[in-house]
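If you want the building blocks of each chain, they are given just below.
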Amino acid sequence: MTLALLFPGQGSQAVGMGAALADAFAPARDVFAEIDQALGQDLSGLMRNGPEDQLTLTENAQPALMAVSLAVMRVLEKEFGVAVDRAAFVAGHSLGEYSALAAAGALSIADTARLLKLRGQAMQRAVPVGQGAMASLIGPKTDLALAEAAAAAGAEVGVCVVANDNNNGNVVISGEKAAVDRAIEKAKELGARAIPLNVSAPFHCPLMQPAADEMATALASAALVAPRVPVVANVTARPEQDADTVRRLLVEQVTGRVRWRESMDWMATEGGVTRFVEIGSGKVLTGMAKRIAPDAESLALNTPEDIEAFAASLAQ
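Description of the structure in this document. (Residues numbered from 1 in each chain as written. Predicted model: local features only at pLDDT ≥ 70, side-chain atom pairs only at ≥ 80, totals over all residues. Heavy atoms only, no water.)

The next thing to look at is the nonpolar core. Within the largest apolar cluster, 76 residues are counted, with the highest numbers of intra-cluster contacts made by Leu5, Ile35, Met47, Leu76, Val90, Ile279 and Leu301. Those residues in contact with Leu301, other than ones at most four positions away along the chain, are Val72, Leu76, Val277, Glu278, Ile279, Gly280, Asp306, Ile307 and Phe310. Counting residues in hydrophobic clusters, the runner-up holds 19 residues, among them Leu146, Cys160, Val180 and Ala187. (Core = buried A, V, L, I, M, F, W, Y, C linked by side-chain atoms within 4.5 Å. Buried < 20%, exposed > 50% of the residue type's maximum accessible area, 1.4 Å probe, protein only. Contact = heavy atoms within 4.5 Å.)

Given below as structure tokens:
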């Protein structure tokens, strides 16, 4: 089987995330301790105990999700001898791209935690609360063309773009609130359901340019090297392994579209991936994988039992 490892993005966080891993495996505890020290914050305590409103803050959710993903990777390597190079590709949804890069050795865990903390803070600073909005367009008629038509209608009154092309049936738009409201009306006319998202800022749209500028400065001085495994980038939906290219794409990703459907489709068709494994908290990407690449196997590693079963399957 040709394997790809997937790393989740914001929305997959939940109080209690990583607790079972930390209780079962010393390497997971080591990862959490390393991240706590890098941030000067008891992030692992917040992950285990909440409160939920603090964990959900973008500046906490982003490094927390990375922490669980990297804890799973460290357990796979240290406890079961499964290294990242068993995969043909890695890919992460939005912030998950940082997790993928850290898993592939392009960034240290400590640097990744600090970058994601800054990324969350910068995204929150970029647009005053209440001025931006995001909405998920869903339903059997929803595809990229419908979402682009809806976003174009919204753009008549303000900034509005397609932010996340997740899969057919699930596309997210982002921009100024009035523009997104107009796009929601258009999407409904075109036969989609539209659900406003409870987010603190309009991610992956041009309004995030101040955050992109902050990340450009931070990434310019970050110790980023070529990943050991190609990373299928959100911005290009193609495998990337050149360090300078990866650095540039991480900046573009802040304002650019998450081309997840295309990324998954490329891995399944051109990349020959037959097994997608979601690493970290939740099963959001597993659900998407089943819709985009139904012929491939898709599973999530959330619990110690999941990890043990997956490692055993590789050993067979």
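Time to look at a nonpolar patch on the surface. Side chains of Ile195, Leu197 and Val199 sit close together on the surface and give an oily, nonpolar patch of about 190 Å² of accessible area. With respect to the helices and strands, Leu197 occurs in the loop between β6 (193-196) and α10 (209-220). Take Leu197: its relative accessible area is 32%, and that puts it in the partly exposed class. (Patch = residues over 30% accessible without salt bridge, like charges linked within 9 Å, V, L, I, M, F, W, Y side chains within 5 Å. Areas by Shrake-Rupley, 256 points an atom, 1.4 Å probe, with all protein chains shown as cover. Salt bridge = Lys/Arg side-chain N within 4 Å of Asp/Glu carboxyl O. Helix = DSSP H or I, 4+ residues; strand = E, 2+ residues; numbered from the N terminus.)

Turning next to the packing of aromatic side chains. With the rule as written, the count across this model stands at two aromatic pairs. With centroids separated by 5.3 Å and ring planes inclined at 85 degrees, the aromatic side chains of Phe89 and Trp266 adopt a geometry described as edge-to-face. Of the two residues, Phe89 sits in strand β2 (residues 89-92) while Trp266 sits in helix α12 (residues 260-269), which places them 177 residues apart along the sequence. On the basis of relative accessibility, which here comes to 9%, the residue Phe89 falls in the buried class. (Phe/Tyr/Trp six-rings, centres within 6.5 Å; stacked < 30°, edge-to-face > 60°.)

With that settled, the discussion passes to the sheet that holds strand β3 (residues 132-138). A sheet is described by the order of its strands in space; here four strands give the open sequence β4-β5-β3-β6, paired in antiparallel fashion. The outermost strands of the open sheet, each flanked by one partner alone, are β4 (160-167) and β6. Put simply, the sheet's adjacent strands are angled 25 degrees from each other on average, direction ignored. Across seven bridges, β3 lies against strand β5 (residues 170-176) in antiparallel orientation. Each bridged residue has a counterpart across the sheet, and for Ser136 the counterpart in β5 is Val172. Lying on the sheet, helix α8 (residues 144-154) is in contact with β3, β4 and β5; it crosses β4 at an angle near 165 degrees. (Pairing = 2+ DSSP bridges. Axes fitted to C-alpha atoms, helices over the stretch in contact; angles between N-to-C directions.)

Here the focus is the environment of Ala243. Looking at the element boundaries, Ala243 is found in helix α11 (residues 243-255). Assessed through its relative accessible area of 15%, Ala243 is described here as buried. As for Ala243 and Leu224, which are separated by 19 residues in sequence, their C-alpha atoms are 6.4 Å apart.

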